[in-house]
Amino acid sequence: GINAEYGAQPIIRTVFEGGFATCFAYGQTGSGKTHTMGGDFTGKEQNFSAGIYAMAARDVFDLLRSQQYSHLDLKVSCSFFEIYGGKVFDLLAKRAKRRVLEDGKSVVNVVDLKETPVLSVNSVLNAIKDGSAVRTSGQTSANAHSSRSHAVFQIILRNTRGKLHGKFSLIDLAGNERGADTSSANRATRLEGAEINKSLLALKECIRAMSTNASHIPFRASKLTQVLRDSFIGEKARTCMIATCAPGQNSVECTLNTLRYADRVKELGPGSKPAPPLPSMDFNDNDLAYMHQSLRSQGTVPGEEEEDPEMYNFHQAVDMLQEAQDMLVDEHQQCISENKEYLKQEEAILQRVEQDVDYDIEDYARALDVILQRKINRLKTMQDKLNTVRSQLHKEEEISKTLRRPPKKNN
C-alpha cells in the first residue's frame, strides 16, 4: 500500500547499512493504526499478510537475498512487546513482564526480551499472529486493549557472530485521545492517560531533538522513548510517522490534533532550524523536566492548546508513584520467597524439638529468634515501602485536581 511504499519502504535499506529505522503509526482509536500496521480485519480476524509488518518483512528478505547485501550473511530475528502503564510486556513470551535497564555506556536493554529467529516471511507472520493474540486476549474487541498500549514489533539483523547489525522498529502507538484522560476522576484511567500523554510528548520531543541536531535528546522522559533510544541517536537513525485520521464528524477534534502533531513532526526534516537554546537551568539528568521546558519554549501553533503548567508536576508524581509501586512489589516478592525458606527452617527445628529428647531448648530459642528477627526486619522494610506508596497515591490525587479540565463538548 501507499503507507508502505512512501513511509516504511524507503528507510528499510538503512537497516542493511548498519542503522536503525523506525516507523510509527499515530492517531486516535479506531482511525486505522492497528489495521495499517498489522493488516485488515474481517470481524475480529486480522489478515496479517496485508499490513506494514508483513510488507516490511518481505522487503527485508528480498534485500537479504539481493546481490548488494547477500555477502553480509546476516541472520534475521524478531521481537514483539507492548508498553502499558510505563511497563514492558513480552508478547512472544506469554506477556511476561520485562525490566528495562541502562548500562554505564547508555546502552538500553530490555532484559530477557525474547528474540525469535525467522527464516521466512511466513515465520514473521506467525510471530506477529502469536504476539497479537496475547495482546488482545480477554478483550471484547481489538480496540479495547490495543488503543491503551504501544505495540513495538522489531525486525533485527545480526552478523554470523551474533553482533547487532541493524534494527527496524514498527510501532502501533496507543490512541492519542487517551492522553487527554489525565483529568479523569478514575485513578486507573488517569494514570493510563498520563503515561500515554507523556510518551507521545516525549516521542515528539525526541524526534525534534534528533532532527535539529540538539545537544541533548531526552529519551529517558518515557519508557517508549527509552527502549527506542537507538532510533534517535546517531547519523544512521531514520524515522517516519504515519498519521491515521477518522472521517466521522465526532472525530473532528482528534483528527485536528493528529494533523497538528504530524505537522509538527513533519517540520523536523533535514534542514530544520537548530533547536532553540533552553534557559540556563540544571536538569540533573532529568529528561522529564528537560522535555517540558523545551515544549514550553517552542510555543504553540494556531488551534493548539497550551500545555497545562501543572502537567510536569503531574507526570513527575505519576513517575514517583510507579517507582514506589515497583519497589513495593519487588519487596513483597522477596518477602514471599524468603518466607518459603524460613518455613523450611522452622519445620526443621520444630522436628528436632519434637523428636530429639536431648535437644537443647536454648538452641531452639536462639534459632527461632534469628528467623523471627529477619522476618520482622523484612516486614518493617515492606511497611515503609507501603507507606511510601500511600503517600505518593495521595500526592498524585492532589496534583490531579489542579489540572485543567477539558471543555465539555456540545452535542
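Residues numbered from 1 in each chain as written. Predicted model: local features only at pLDDT ≥ 70, side-chain atom pairs only at ≥ 80, totals over all residues. Heavy atoms only, no water.

Each helix and strand counted, the chain has 12 helices and 12 strands in total. Within the chain, the proportion of its 411 residues that are buried is 45%. Summarising the internal contacts of the chain: among those between residues at least 6 apart in sequence, 69% fall at separations of at least 24. A total accessible area of about 21900 Å² is found for the chain, and carbon and sulfur atoms account for 50% of it. (Helix = DSSP H or I, 4+ residues; strand = E, 2+ residues; numbered from the N terminus. Buried < 20%, exposed > 50% of the residue type's maximum accessible area, 1.4 Å probe, protein only. Contact = heavy atoms within 4.5 Å. Areas by Shrake-Rupley, 256 points an atom, 1.4 Å probe, with all protein chains shown as cover.)

Moving on, we come to the confidence of the model for the chain. When the pLDDT values of the chain are averaged, the result is 82; 82% of them are 70 or greater. Ignoring residues within four places in sequence, the model shows residues 137–142, a span with pLDDT below 50, making 6 contacts including any to other chains. (pLDDT = per-residue confidence, 0-100.)

Attention now moves to the packing of aromatic side chains. Evaluated as defined, the whole model comprises 5 aromatic pairs. Here Y53 and F80 contribute two aromatic rings whose centre-to-centre distance is 6.0 Å and whose plane-to-plane angle is 75°, an arrangement assigned as edge-to-face. In this pair, Y53 sits in helix α4 (residues 52–65) while F80 sits in strand β4 (residues 75–84), placing the two residues 27 residues apart along the sequence. Relative to F153, the ring of Y53 lies with its centre 5.1 Å away and its plane at 45°, an arrangement referred to as tilted. Of the two residues, Y53 sits in helix α4 while F153 sits in strand β10 (residues 150–158), which places them 100 residues apart along the sequence. Taken individually, Y53 and F153 each receive the classification buried, so the pair is uniform in this respect. An aromatic cluster of three or more residues is present, and its members are Y53, F80 and F153. Lying over the aromatic face of F89, R95 brings its terminal NZ or CZ to 4.2 Å of the ring centre. (Phe/Tyr/Trp six-rings, centres within 6.5 Å; stacked < 30°, edge-to-face > 60°. Lys NZ or Arg CZ within 6 Å of the ring centre and 35° of its normal.)

With that settled, the discussion passes to the packing of helix α7 (residues 187–211) against helix α12 (residues 361–400). Contact pair α7 / α12: the axes reach a minimum separation of 12 Å and the direction vectors enclose 80°. The angle between α7 and α12 falls in the class roughly perpendicular. Here R187, R190 and L191 of α7 lie close against α12, whose contacting residues are L393, E396, E397 and S400. Tallied by class, residues from the contact of α7 with α12 come to 2 nonpolar, 1 polar and 4 charged. (Axes fitted to C-alpha atoms, helices over the stretch in contact; angles between N-to-C directions. Parallel < 35°, antiparallel > 145°, perpendicular 65-115°, else oblique. Nonpolar A, V, L, I, M, F, W, Y, C, P; charged D, E, K, R; others polar.)

So, on to unusual backbone geometry. The backbone of D73 shows a phi angle near 50°, a positive value even though the residue is not glycine. The topology assignment puts D73 in the loop between α4 and β4. Given the relative accessible area of 41%, D73 is considered partly exposed. Even without being glycine, R95 reaches a positive phi, approximately 60°. Within the secondary structure, R95 sits in the loop between β5 (87–90) and β6 (96–98). Overall, the relative accessible area of 26% leaves R95 in the partly exposed class.

Soluble globular proteins: nonpolar side chains tend toward being buried together. By size, the foremost hydrophobic cluster in this structure holds 39 residues, and its most contacted members are F16, Y53, V76, F153, I155, F168 and L170. The dominant element in this core, judged by the number of residues it contributes, is α4, at 9 residues. Apart from residues no more than four positions distant in its own chain, I155 is found in contact with A56, A57, V60, V76, S77, G166, K167, F168 and L170. Of all hydrophobic cores here, the second largest spans 29 residues; its members include F24, Y26, V227 and A237. (Core = buried A, V, L, I, M, F, W, Y, C linked by side-chain atoms within 4.5 Å.)

Right, let's get into the pairing of β10. Judged by how many residues are buried, β10 sits mostly within the fold: 8 of 9 residues are covered. When β4 meets β10, the two strands line up antiparallel, connected through 9 bridges. Along β10, the bridge assignment pairs V76 with L157. When β10 meets strand β11 (residues 164–172), the two strands line up antiparallel, connected through 8 bridges. In the sheet register, I155 faces β11, and the bridge partner there is F168. Where β10 folds back onto β11 in an antiparallel hairpin, the turn is made up of 5 residues, including G162, whose phi is positive at roughly 90°. (Pairing = 2+ DSSP bridges.)

Here we take up the packing of helix α11 (residues 311–355) against α12. At a minimum axis distance of 9 Å, the contact between α11 and α12 shows a crossing angle of 165°. The angle between α11 and α12 places the two elements in the roughly antiparallel class. Seen from above, α11 lies across α12 with left-handed handedness. Split into classes, the residues belonging to the contact of α11 with α12 amount to 23 nonpolar, 10 polar and 9 charged. (Left-handed = near helix turned anticlockwise from the far one by under 90°.)

Under the counting rule described, the total for this entry stands at 25 salt bridges. With a shortest N-O distance of 2.9 Å, E192 and R148 are connected by a salt bridge. Here E192 is found in helix α7, whereas its partner R148 is found in the loop between α6 (142–146) and β10, with 44 residues between them in sequence. E192 sits in the buried class, given a relative accessible area of 11%. (Salt bridge = Lys/Arg side-chain N within 4 Å of Asp/Glu carboxyl O.)

Let's shift gears to α7. An ideal rise of 1.5 Å per residue puts 36 Å on 25 residues; α7 measures up with 36 Å between its terminal C-alpha atoms. Within α7, 22 of the 25 residues are buried, leaving the element largely enclosed by the surrounding structure. For α7, the N-terminal cap is N186; the gap from its side-chain oxygen to the backbone nitrogen of A188 is 3.1 Å. One or two steps after α7, the chain reaches N213, where phi turns positive at roughly 55°. (Expected span 1.5 Å × (residues − 1). Polar contact = N/O pair within 3.5 Å; in protein donor to acceptor, adjacent residues only side chain to side chain.)

Within the secondary structure layout, Q154 lies in strand β10. Within the local environment of Q154, its side chain forms a polar contact with the side chain of S169, the two groups lying 3.0 Å apart. Each residue touching Q154, except ones within four places of it in the same chain, is listed here: S77, C78, S79, F81, K167, F168, S169 and L228.

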